[in-house]
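So the chains spell out like this:
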Amino acid sequence: TIKLLGDRAYRGESRTGTVISEADNANLDAIFASDSYLDNSPVTGNPFSLRSMTIYANAGTNPLGHDAVIVRSWQTVLEDLQIEGARRHAIHLTNVSADGTELTNTQVNGRILGNQLNDSGGSGLYVEDSSNSITDWQFKDNYVAGSGGDGVSMDNVAGWFVTGNHIYGVGGDSALRADRLFGTSIGDNYIENFGTVGIAATVQGDAASTISNNRIFNFVSPSGTYLRVTGRYGNPAVAVTGNTIRGAGVAYPAIGLDYSKGGADSMTVTSTGNSVTDVATPRVIGPGVVVNAGEGNL
């Protein structure tokens, strides 16, 4: 594994000009990993950037291999990468180290921009956060193709921008699993073909979040739920606006929009301007959920 030290920039010449491949039978925990992860530090690593190369994890000859890139550093940038063939996850953000040491501080304000994440055995991006460390990141303008599990799986999206991504060819349940929305924006993503849920979002109380202008289609597995929003605690509020959902036909047992309060006391959803067609059940509203059309021009 190549240790990524903080306060440095790691850059290839281009995606096709610089290719780093995991050797046959190396079975690495990761090809690249933050120093704080490998050193089992209780605090986050210093910022670094990793740009402009192809990272080939060579899952076919590494049956015990894990991830391509593990990040446990704050203010870090991953950009213009093509990551292919990870046995587990292409990009893995985590608050725990190699030996399971949890962070005692935060790992915030990073950016994952303009990458191509192909053919991961798990997820293209997995955010593992057993506490509340990995907040206020950006996951923008990425392509996530051919995942064995959820396309993107995120334990904590508090303060995140998850926008402009194309997620397709999902082998697992959800194209985008986003837990713990808190002041979060999920918008303008293009999702096609998933297992059971297109976007699965859980919303926390206190700060409000937005889920807007996403395009969600499924022509491979025509049942399931296209956009599901569930409360976690308190009285969460979320705006679900301008999303376009299209199913494979009303003969299939699919749900367009599904709102439930979950573990919350109640949940308020501003749901307006959504286009839901060719699904058996356009919208489900559970007990304790208040749906309104917003406050007009106020």
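Note that the structure is predicted; figures quoted are calculated from it, not measured.

With respect to the pairing of strand β24 (residues 237-241)
Alternating positions in β24 separate cleanly, Val-238 and Val-240 being buried on one face and Ala-237, Ala-239 and Thr-241 remaining unburied on the opposite face. Here four bridges tie strand β21 (residues 209-212) to β24, and the two strands are oriented parallel to one another. By the bridge assignment for β24, Ser-212 is matched with Thr-241. Inspection of the sheet shows β24 paired to strand β27 (residues 267-272) by five bridges, in the parallel sense.

Thoughts on the pattern of salt bridges
Going through the model one piece at a time under the given rule, you end up with 10 salt bridges. One salt bridge connects Arg-88 with Asp-29, and the closest N-O pair in it is separated by 4.0 Å. Of this pair, Arg-88 sits in the loop between β7 (77-84) and β8 (91-94) while Asp-29 is found in the loop between β3 (19-21) and β4 (32-34), placing the two residues 59 residues apart along the sequence. Note that Asp-67 is salt-bridged to Arg-88, the shortest N-O span being 2.9 Å. Residue Asp-67 is located in the loop between β5 (48-56) and β6 (69-71), and its partner Arg-88 is located in the loop between β7 and β8; the two are separated by 21 residues in the primary sequence. By sharing partners, the salt bridges in this structure join Asp-150, Asp-155, Arg-177 and Asp-179 into a single network.

Quick look at the environment of Thr-101
Inspection of the secondary structure assignment puts Thr-101 in the loop between β8 and β9 (111-113). Thr-101 sits in the partly exposed class, given a relative accessible area of 23%. Residues Thr-101 and Asn-40, 61 residues apart in the sequence, show an inter-C-alpha distance of 6.1 Å. The residues contacting Thr-101, other than those within four sequence positions of it, are Asn-40, Ser-41, Pro-42, Arg-72, Asn-95 and Val-96.

What about unusual backbone geometry?
The backbone of Gln-75 shows a phi angle near 50 degrees, a positive value even though the residue is not glycine. In this structure, Asp-141 is a non-glycine residue whose phi angle is positive, near 60 degrees. Among the structural elements, Asp-141 can be located in the loop between β12 (138-140) and β13 (143-145).

Digging into the packing of aromatic side chains
Under the criterion given, the structure shown has five aromatic pairs. When the ring of Tyr-10 is compared with that of Phe-48, the centres are 6.4 Å apart and the planes differ by 80 degrees; the resulting orientation is edge-to-face. Taken together, the positions of Tyr-10 in strand β2 (residues 8-11) and Phe-48 in strand β5 put the pair 38 residues apart, joining distant regions of the chain. Judged by centre distance (5.3 Å) and plane angle (85 degrees), the rings of Phe-194 and Tyr-226 are edge-to-face. Highlighted residues: Phe-194 in the loop between β19 (190-192) and β20 (197-203) and Tyr-226 in strand β23 (residues 224-231), separated in sequence by 32 residues. The two residues Phe-194 and Tyr-226 agree in class, both being buried. Here a set of aromatic residues connected by ring pairs shows up, and it is made of Tyr-190, Phe-217 and Phe-219.

Things to note about the pairing of β5
Burial analysis of β5 places seven of its nine residues in the buried class, the great majority of the element. Bridge analysis of β2 against β5 gives four bridges, and the strand direction is parallel. Paired with Arg-8 across the strands is Phe-48, a residue of β5. Pairing geometry for β3 and β5, over three bridges, is parallel. Bridged to Val-19 within β5 is Thr-54. One ladder, built from seven bridges, connects β5 with β7; its direction is parallel. Its bridge partner lying in β7, Met-53 is registered against Leu-81.

Some details on empty space enclosed by the protein
Using the criterion set out here, one finds one cavity of 30 Å³ or more in the structure. Each pocket or cavity is described by its volume, and for the largest cavity that value is around 30 Å³. Together, Glu-22, Ala-57, Asn-58, Ala-59, Asn-62, Gly-65, His-66, Asp-67, Gly-85, Ala-86 and Arg-87 line the largest cavity. Of the residues that constitute the lining of the largest cavity, the class distribution is three nonpolar, five polar and three charged.

Reading the values: the criteria
Residues take numbers from 1 onward in each chain, read along the sequence in its written order. Per-residue local features of the predicted model are confined to residues with pLDDT of at least 70, and side-chain atom pairs are confined, for both listing and counting, to 80 or more; whole-chain, interface and lining totals are unaffected and use all residues. Hydrogens and water molecules were not included; the side-chain quantities draw on all heavy atoms of the structure. A 1.4 Å probe rolled over the protein chains alone gives each residue an accessible area, and that area as a share of the maximum for its type sets the label: buried under 20%, exposed over 50%, partly exposed in between. Per the convention used, a helix needs a DSSP run of H or I reaching at least four residues, while a strand needs a run of E reaching at least two, with both numbered from the N terminus. Strand pairing requires that DSSP identify at least two bridges connecting the strands. Salt bridge, as used here, is a side-chain nitrogen of Lys or Arg placed within 4 Å of a carboxyl oxygen of Asp or Glu. When checking whether two residues touch, look at their non-hydrogen atoms; a contact exists if any pair is within 4.5 Å. To pair, rings of Phe, Tyr and Trp, with the six-membered ring standing in for Trp, must have centres within 6.5 Å; the planes then decide the type, stacked if under 30 degrees apart, edge-to-face if over 60, and tilted in the middle. Using a grid of 1 Å spacing that covers the protein atoms alone, one calls a set of points a cavity when a 1.4 Å probe fits there but cannot get out, and a pocket when the set is open and has protein on both sides within 12 Å along at least five of seven lines; lining residues are those with an atom within 4 Å of a point. Grid points are joined across faces, edges and corners, and a volume is the space filled by probe spheres set on the points. All residues other than Ala, Val, Leu, Ile, Met, Phe, Trp, Tyr, Cys, Pro, Asp, Glu, Lys and Arg, Gly among them, are scored as polar; the first ten of these are nonpolar and the last four charged.

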